[in-house]
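# Summary of structural features
Spelled out, the chains give:
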Amino acid sequence: MEYGTDERKGKVSVRTLLKMKRKGEKISALTAYDALFASFLDELMDIILVGDSLGMVMAGYETTIPVTMDQMILHTQYVRREVHHAMLVADMPFMSYQISPEEALRNAGRLLQEGGAEAVKLEGGRSVAEAVRRCVETGIPVMGHLGLTPQSIHAFGGWQTRAKSRDEAQRLKEDALTLQDAGIFSLVLEKVPAALAEEVTQSLDIPTIGIGAGPKTDGQILVTQDLLGMYEKMKPRFVRKYTELAGIIREALKQYHQDVKSGAFPSEEESF
Ligand SMILES: Nc1nc(=O)c2c([nH]1)NC[C@@H]1CN(c3ccc(C(=O)N[C@@H](CCC(=O)O)C(=O)O)cc3)CN21
Ligand SMILES: CC(C)C(=O)C(=O)O
Ligand SMILES: [Mg+2]
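Residues numbered from 1 in each chain as written. Chains lettered and ligands numbered in written order. Predicted model: local features only at pLDDT ≥ 70, side-chain atom pairs only at ≥ 80, totals over all residues. Heavy atoms only, no water.

Once that is clear, we can look at the site of ligand 1. In the region of ligand 1, 17 residues are neighbours, and M56, E190, K191, D226 and P236 sit closest. Here an oxygen atom of ligand 1 sits 3.4 Å away from a polar atom, N or O, in the main chain of W159. The separation between a nitrogen atom of ligand 1 and a polar side-chain atom of D226 is 2.5 Å. Burial of ligand 1 by the surrounding chains reaches 80%, relative to a free accessible area of 650 Å². Grouping the amino acids of the shell around ligand 1 by side-chain chemistry returns 11 nonpolar, 2 polar and 4 charged. (Near = heavy atom within 4 Å. Polar contact = N/O pair within 3.5 Å; in protein donor to acceptor, adjacent residues only side chain to side chain. Areas by Shrake-Rupley, 256 points an atom, 1.4 Å probe, with all protein chains shown as cover. Nonpolar A, V, L, I, M, F, W, Y, C, P; charged D, E, K, R; others polar.)

Structural data, given as structure tokens:
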């Protein structure tokens with residue numbers, strides 16, 4: 001079976017993803033923050049995430065914490081225009097779902113209604129279960145996110161692997177089941193031991209998507225600019241760089257700069 005061509009017919013939905021888990025077919029996911037990247041991704045990916053990592057990659061923040069609902073809506077609108085096949089999921093930013101299930105529902109609704117997302121993702125376990133339930137009963141598909149949840153970076157005190165202790169691993173397993181009961185359609189597991197991710201994956205009926213969670217999750221996700229070798233401020237060991245675009249971009253810019261300075265650009269054919 002060839003992916004990215006004949007299999008591009010149907011729209012990926014919550015049902016498609018569940019079916020893929022049952023068949024043991026891996027789920028491929030990446031992030032996009034704009035229409036141009038989204039158009040490349042939509043040819044192949046099952047899921048496109050408008051991640052709040054846009055705060056770090058696009059806005060230049062140190063963390064994802066300053067990202068607002070308005071930023072998430074704007075970038076989701078940009079991505080929406082070029083997504084026709086993949087499932088379009090948008091991150092709920094910090095403080096948009098923690099205050100109350102009602103606020104969570106209102107903000108999740110905005111990401112669908114104003115942004116054009118088909119589902120939302122939020123971080124955390126039992127503490128957000130009510131918010132998840134409220135969204136799901138309203139018809140908004142919700143993706144969970146456990147492990148190294150970046151919106152809790154100040155509480156964690158660093159980007160270290162989560163759930164290495166027995167207590168934290170136990171808590172994560174319970175949270176995963178609680179979220180599934182609350183109605184999530186999928187769960188992101190970030191930077192946790194591979195054995196734990198495998199155990200959680202086997203314990204759930206819904207698909208898990210790993211990032212730094214080993215090979216046994218039902219799918220994988222990365223930040224697109226990381227795998228393309230464009231984002232250099234941070235290189236987690238779980239990122240595989242498939243190319244080194246940063247160097248290619250620098251070389252092209254250098255040549256342009258030299259051509260402008262020397263007068264080699266523009267040529268006669270490029271002039272009117
Ligand atoms: N470009 C980008 N890629 C990401 O994967 C990403 C973001 N941004 N922004 C939001 C979060 C932050 N993420 C991170 C950031 C760092 C590590 C990390 O593991 N860094 C170091 C460890 C540093 C330490 O121990 O203090 C590593 O070696 O992997 C993991 C996930 C994942 N997400
Ligand atoms: C890395 C993924 C899972 C994410 O949450 C993001 O891009 O914000
Ligand atoms: Mg995120």
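Now that the structure has been shown, we can carry on.
Further remarks concern the domain arrangement of the protein. The domains assigned to the protein are domain 1 (14-241) and domain 2 (244-272). The straight-line distance from the C-alpha centre of domain 1 to that of domain 2 is 39 Å. Counting from both sides, the interface comprises 5 residues of domain 1 and, opposite them, 5 residues of domain 2. In total, about 410 Å² of surface goes out of reach between domain 1 and domain 2, with carbon and sulfur atoms giving 51% of it. Contact with domain 2 buries surface across domain 1, with L228, M230 and E232 losing the most and accounting together for 68% of the total. Our count for the domain 1 to domain 2 interface comes out at 2 salt bridges. A salt bridge links E244 to K241, with the nearest nitrogen and oxygen atoms 3.7 Å apart. One can count 3 residue pairs in polar contact (both at pLDDT 80 or more) joining domain 1 with domain 2. (Domains from an automatic or database assignment. Contact = heavy atoms within 4.5 Å. Buried area = accessible area lost by both parts, 1.4 Å probe. Salt bridge = Lys/Arg side-chain N within 4 Å of Asp/Glu carboxyl O.)

Taken together, T31, L49, G51, D52, S53, D91, K121, H145 and I211 are the residues near ligand 2. A distance of 2.8 Å is found between an oxygen atom of ligand 2 and a side-chain nitrogen or oxygen belonging to D52. Taking K121, its side chain carries an N or O atom lying 2.8 Å from an oxygen atom of ligand 2. Here ligand 2 has 260 Å² of accessible area as a free molecule, and 95% of this is covered by the chains. Tallied by class, the residues present in the shell around ligand 2 amount to 2 nonpolar, 4 polar and 3 charged.

It is worth spelling out the coordination of the magnesium ion (ligand 3) at this point. Within the protein, D52 (OD) and D91 (OD) serve as the donor atoms for the magnesium ion (ligand 3), at 2.2 Å. Of this pair, D52 sits in the loop between β2 (47-50) and α3 (54-57) while D91 sits in strand β3 (residues 87-91); the two residues are 39 residues apart in sequence, bridging distant segments of the chain. Comparing D52 with D91, the two get one shared label, buried. (Donors = N, O, S within 2.8 Å, 3.2 Å for Na, K, Ca; no water. Helix = DSSP H or I, 4+ residues; strand = E, 2+ residues; numbered from the N terminus. Buried < 20%, exposed > 50% of the residue type's maximum accessible area, 1.4 Å probe, protein only.)

On to helix α6 (residues 129-138), then. An α-helical turn contains 3.6 residues, so a residue and the one three or four places further along point in the same direction. What α6 keeps buried is the set A129, A131, V132 and C135. Mapping the buried residues of α6 onto a view down its axis gives an arc of 155°, with all of them on the same face. Packed against the buried residues of α6 are α5 (101-113), β5 (142-147) and α8 (166-182). Looking one or two residues beyond α6, the residue adopting positive phi is G139, at roughly 105°. (Arc of directions from axis to C-beta.)

A surface patch of nonpolar side chains, amounting to about 270 Å² of accessible area, comprises F94, M95 and I99. Here F94 lies in the loop between β3 and α5. (Patch = residues over 30% accessible without salt bridge, like charges linked within 9 Å, V, L, I, M, F, W, Y side chains within 5 Å.)

With respect to the helices and strands, T63 occurs in the loop between α3 and α4 (69-80). If we skip the residues at most four places from it in the chain, T63 touches G55, M56, I153 and H154.

Of note, the bond from F265 into P266 is cis; its omega dihedral lies within 30 degrees of zero at 0°. Along the chain, P266 falls in the segment after α11 (245-262). At A163, a position not held by glycine, the phi torsion is positive, near 60°. Within the fold, A163 resides in the loop between α7 (153-156) and α8.

Before going further, it helps to spend a moment on the pattern of salt bridges. By the definition in use, this model includes 17 salt bridges. The salt bridge partner of R80 is E118, with a shortest N-O separation of 2.9 Å. Of the two residues, R80 sits in helix α4 while E118 sits in the loop between α5 and β4 (119-121), which places them 38 residues apart along the sequence. The class for R80 is partly exposed, based on a relative accessible area of 23%. A relative accessible area of 21% means that E118 is categorised as partly exposed. For the salt bridge of E199 with K173, the shortest nitrogen-to-oxygen distance reads 2.8 Å. In this pair, E199 is assigned in helix α9 (residues 194-203) and K173 in helix α8, connecting sequence segments 26 residues apart. On the accessibility criterion, E199 (40% relative accessible area) is partly exposed. It is possible to trace a salt-bridge network through shared partners that takes in K11, R80 and E118.

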